[in-house]
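Reading the structure
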Amino acid sequence: MEATLEKPRTQVKNRTIRRVAVLGSGIMGSRIAAHFANIGADVLLLDIVPKEPNPAEQTKGLTTNSPAVRNRIVTDAFQTMLKASPASLYSPKFAERVKLGNFDDNLKEIATYDWVIEVVVERLDVKRSVYERVEQFRKPGTLITSNTSGIPMHLLAEGRSDDFRRNFCGTHFFNPPRYLRLLEIIPGPDTDPAVIDFLMNYGDLYLGKTTVLCKDTPGFIANRLGIQSLIQTIRVAEELGLTVEEVDKLTGPVVGRPKSGTFRLSDVVGLDTTVNVAGNLVKMEHDESRASFELPASVQKLMENKWLGDKTGQGYYKKTKDSAGQTQILALDLKTFDYKPSQKGIRFATLDGTKAIDNLKKRFPVLIAGKDKAGEFYRKTFADGFTYATHRIPEISDELYRIDAAITAGFGWQLGLFETWDAIGLKAGLDMIEAQGQKPAQWVYDMLDAGFDSFYKVEGGQRKYYDIPTKSYKAIPGVEQFTILENLSNNIVWKNADASIYDLGDGILNVEFRSKMNTFGQGVSEALLKGVTMAEKDFRGLIVGNDSTEAFSAGANLATLFMFAVEQEFDEVNLMIAQFQKLIARLRYSSVPVIVAPHTLTLGGGCEAVLHADRVVAHAESYIGLVEVGVGLIPAGGGTKEMAARVSDLYQTGDPELNILQNAFMNIATAKVSTSAQEAREMNYLRPTDQIVLNRSRLLAEAKQAAIELADNGYTQPKPRTDIKVQGKTGIALFKAGIAAMRMGRYISDHDMKIADKLAYVICGGDLSAPQVVSEQYLLDLEREAFLSLTGEKKTLERIQSLLTGGKPLRN
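Everything numeric here is computed off the predicted structure, so don't read it as measured data.

Some words on the packing of helix α17 (residues 373–391) against helix α19 (residues 417–424)
It is the contact of α17 with α19, at a shortest axis distance of 10 Å, that shows an interaxial angle of 125°. On the basis of their axis angle, the class for α17 and α19 is oblique. Two packed elements cross with a definite hand, and for α17 against α19 that hand is left-handed. Each of F382, G385, F386, A389 and T390 in α17 lies in contact with α19, whose residues at this interface are L417, F418, T420, W421 and I424. For the contact of α17 with α19, the residue count by class is 7 nonpolar, 3 polar and no charged.

Details of the pairing of strand β10 (residues 327–332)
As paired strands, strand β9 (residues 317–321) and β10 are joined by 5 bridges and run antiparallel to one another. Its bridge partner lying in β10, Y317 is registered against A331. The hairpin turn running from β9 into β10, its antiparallel successor, is 5 residues long, and G325 in that turn takes a positive phi close to 85°. Of the strand pairs in this sheet, β10 and strand β11 (residues 339–341) are connected by 3 bridges, and their pairing is antiparallel. Bridge pairing links L330 to P341 in β11. Between β10 and β11, which follow one another and run antiparallel, lie 6 residues, and F337 among them has a positive phi close to 60°.

Considering the pattern of salt bridges
Taken as a whole, this structure holds 56 salt bridges when the rule is applied. Note that D204 and R698 form a salt bridge whose closest N and O atoms lie 2.7 Å from each other. Taken together, the residues span a long stretch of sequence, with D204 in helix α9 (residues 193–205) and R698 in the loop between β24 (691–693) and α29 (699–712) at a distance of 494 residues. Each of the two residues, D204 as well as R698, counts as buried. The closest approach of N and O atoms between K754 and E793, which form a salt bridge, is 3.2 Å. Of the two residues, K754 is situated in helix α31 (residues 750–763) and E793 in the loop between α32 (776–791) and α33 (794–805); the sequence distance between them amounts to 39 residues.

What to know about the side chain of T602
The residue T602 is located in strand β21 (residues 600–603) in this model. Here H599 takes part through its backbone oxygen, which lies 3.2 Å from a polar atom of the side chain of T602. Not counting the four nearest positions on each side in its chain, T602 is found in contact with F552, S553, C607, V610, Y623, I624 and G625.

Some words on the packing of α31 against α32
Pairs of packed helices are described in terms of their axes, by the angle between the two and the distance that separates them. In the contact formed by α31 and α32, the axes pass within 9 Å of each other and the chain directions differ by 170°. Here α32 runs roughly antiparallel to α31, going by the angle between their axes. Where α31 crosses over α32, the two elements pack in a sense that is right-handed. Across from K754, I755, K758, Y761 and V762 in α31, the residues of α32 making contact are L779, L782, E783, A786, S789 and L790.

With respect to the sheet that holds β10
Spatial strand order, β9-β10-β11: 3 strands in an open sheet with antiparallel pairing. One side of each edge strand has no neighbouring strand; the edge strands of this open sheet are β9 and β11. Within the sheet, the average angular offset between the axes of one strand and its neighbour, ignoring direction, is 40°.

Digging into the environment of T560
Following the sequence through the fold, T560 ends up in helix α23 (residues 558–566). On the basis of relative accessibility, which here comes to 37%, the residue T560 falls in the partly exposed class. Placed 39 residues apart in sequence, T560 and G521 show a C-alpha to C-alpha distance of 8.4 Å.

Thoughts on the nonpolar core
Within soluble globular proteins, side chains that are nonpolar tend to cluster in buried spots. Counting 112 residues, the largest nonpolar core has Y316, Y378, F418 and W443 as the members making the most contacts within it. In this structure, V532, I577, I732 and V762 belong to the second largest nonpolar core, which totals 82 residues.

Here's the deal with a negative patch on the surface
There is a patch of like negative charges on the surface, built from E567, E569, D571 and E572. On the secondary structure map, E569 appears in the loop between α23 and α24 (570–588). The class of E569 is partly exposed, set by a relative accessible area of 40%.

What counts and how
- Residues numbered from 1 in each chain as written.
- Predicted model: local features only at pLDDT ≥ 70, side-chain atom pairs only at ≥ 80, totals over all residues.
- Heavy atoms only, no water.
- Axes fitted to C-alpha atoms, helices over the stretch in contact; angles between N-to-C directions.
- Helix = DSSP H or I, 4+ residues; strand = E, 2+ residues; numbered from the N terminus.
- Parallel < 35°, antiparallel > 145°, perpendicular 65-115°, else oblique.
- Left-handed = near helix turned anticlockwise from the far one by under 90°.
- Contact = heavy atoms within 4.5 Å.
- Nonpolar A, V, L, I, M, F, W, Y, C, P; charged D, E, K, R; others polar.
- Pairing = 2+ DSSP bridges.
- Salt bridge = Lys/Arg side-chain N within 4 Å of Asp/Glu carboxyl O.
- Buried < 20%, exposed > 50% of the residue type's maximum accessible area, 1.4 Å probe, protein only.
- Polar contact = N/O pair within 3.5 Å; in protein donor to acceptor, adjacent residues only side chain to side chain.
- Core = buried A, V, L, I, M, F, W, Y, C linked by side-chain atoms within 4.5 Å.
- Patch = residues over 30% accessible without salt bridge, like charges linked within 9 Å, V, L, I, M, F, W, Y side chains within 5 Å.
- Areas by Shrake-Rupley, 256 points an atom, 1.4 Å probe, with all protein chains shown as cover.
- Lys, Arg positive; Asp, Glu negative; His and termini not counted.
- Charge placed at Lys NZ, Arg CZ, Asp CG, Glu CD.

Structure (structure tokens):
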């Protein structure tokens, strides 16, 4: 047997990425540039020079020598990115970190950049011509990568220098790069392994990505499986006579996938993109299921009509205006190819059977057992997806966990294919596959024969995967650095129906919410108080955090408040508010450090918990806000008080005091929610000392480290403040004038005006004759009084009732 020599690793000492050049400013290029700006890099974004001025430029007398013309393509693309929603930048201010230019004038500047990323059109000849020019200016040792979605690395690197090939590989981001967590790393035949190691680590730590090492095979991992799933889903929908809306209902949140479902996702991505990828994959002679990439009838028809989705204004859906000028969503009839009003209230008996099942994994056995079209749809699509995935090992990956990691991070699924199969049960899933006339790869049968009954298992708090060659379970590399509560069930030291307390080791506890949208109710409140008490007695720090994909906390559960208010039990309402204020204060005035780790939706009471933490360790995608005015109330769990205190601290900066106060007032009065943790910092909901974490998987581990750090540094229990400067009548007068003007202009209602007046009264410290210093308790009392008075308002009760009965998240 010949010995196999591992490629030598180049020792790259202290490689840092401060400057990144992105070549190509299209949808992906401009958004990749934006994400590097998000993490603090200086970015150079380049594109081609137009062949000639456009008519508007000609009218101005501009020529191809004019900078405005030469940079028009890159400038237009960058401006389009800035206007797009959802935003690609954490803060509009970060646009200043991106320098725009063109290949002819500015490519030479890449000599001073640490990483060059090519994101030009998916054509081999075009990419090769760009690399030829890059070689003229690139500094030896500089990273050079391609964002190709499928062109083989060996073809891209052909003819390049040794140094280029050693430092070259694929770095495939998914759109939109800020939000989708997948970064596929694809080595070329000559790539230095040290480069791959660096990128795998850098993407995880600094870009917040799930980095997945891929083989240089067509479509890599995510697109190979994702496009196959998309096309087969459309094929099954046509076969069963399901509508576009029905399929999107079946393939959305009920199975742990984005609400866009299948057809809406196709419209967003662009049908031409799907077809181009499928066109390459259907040519694979070695793939036994390559026919699954042949285009279904509806796809062919839409391509003929050039109905490509959002980019052409219509696809499987079409947005129009009705006779009254109201926006109307139309859906394509897959039989007639006419558009009709989109169906609402779609129901299947199978889905009805899962309504009471909050645990996603427990839904799948019910879904595949369905006797209606929904059940048949799930059996067909799951069987096909599972089978295809088994046959792709070891072609596209040697390990099954990489396939699941790519699918979940690339498409926003909560469970990968093998994780879903585990939820159904290995034997049950195999029976389902065989009932559909299919057979998975032989290794699945070998696995069962060897006595294994799941693809994953948790052992000693560590998640392991089934390793096919050794027929044993192995730890998933890298996840030992993460704190994943789902894997720590043996560490639960206390629990109730709505929350659990975990011992994370090293003297740190974690309180996890499990209520609907993680709202604050009696169970969650009980757990928080218990957690603080336990931590003060036997531990040295407390974290408030969870692994939810929906919300850190959507605020208070308003059902109890509504019941008391309707019955006019205002003493009970007053007691309820006072208890919530004391609960939040316990977080602030505990004798041990309390870390709050928000992510996704962090609203109302969730925001108030954040405001009272010793330190916040927030995921970058945290949407934080005090939204109580939306239901006719004001923040009364210390939120208004805390913003008054933070405003008071800002008075030392020298900015006009009333301007600073007005910003805080408007954020609350308009129920503004940050679009990122960075914006929450700009809104003063996060402090400069609070930490922002890019990788969600690292959030709780980072929070634990913060708790240990505070404890090790000699944490001192804080005391309630008595030094909060408020503006009194001066501030109230300012706000009343603005509120009255808004009412006169009919921008707000009488009820809105009343809420705003109450908020102004509290945040200004009440009817004081002049600015002066007050205590926290003084402001808390004002909060409670204002909140109590508003709960008796008919309009407030109507808003709360509408929220409770409308099926929307409870946001207080």
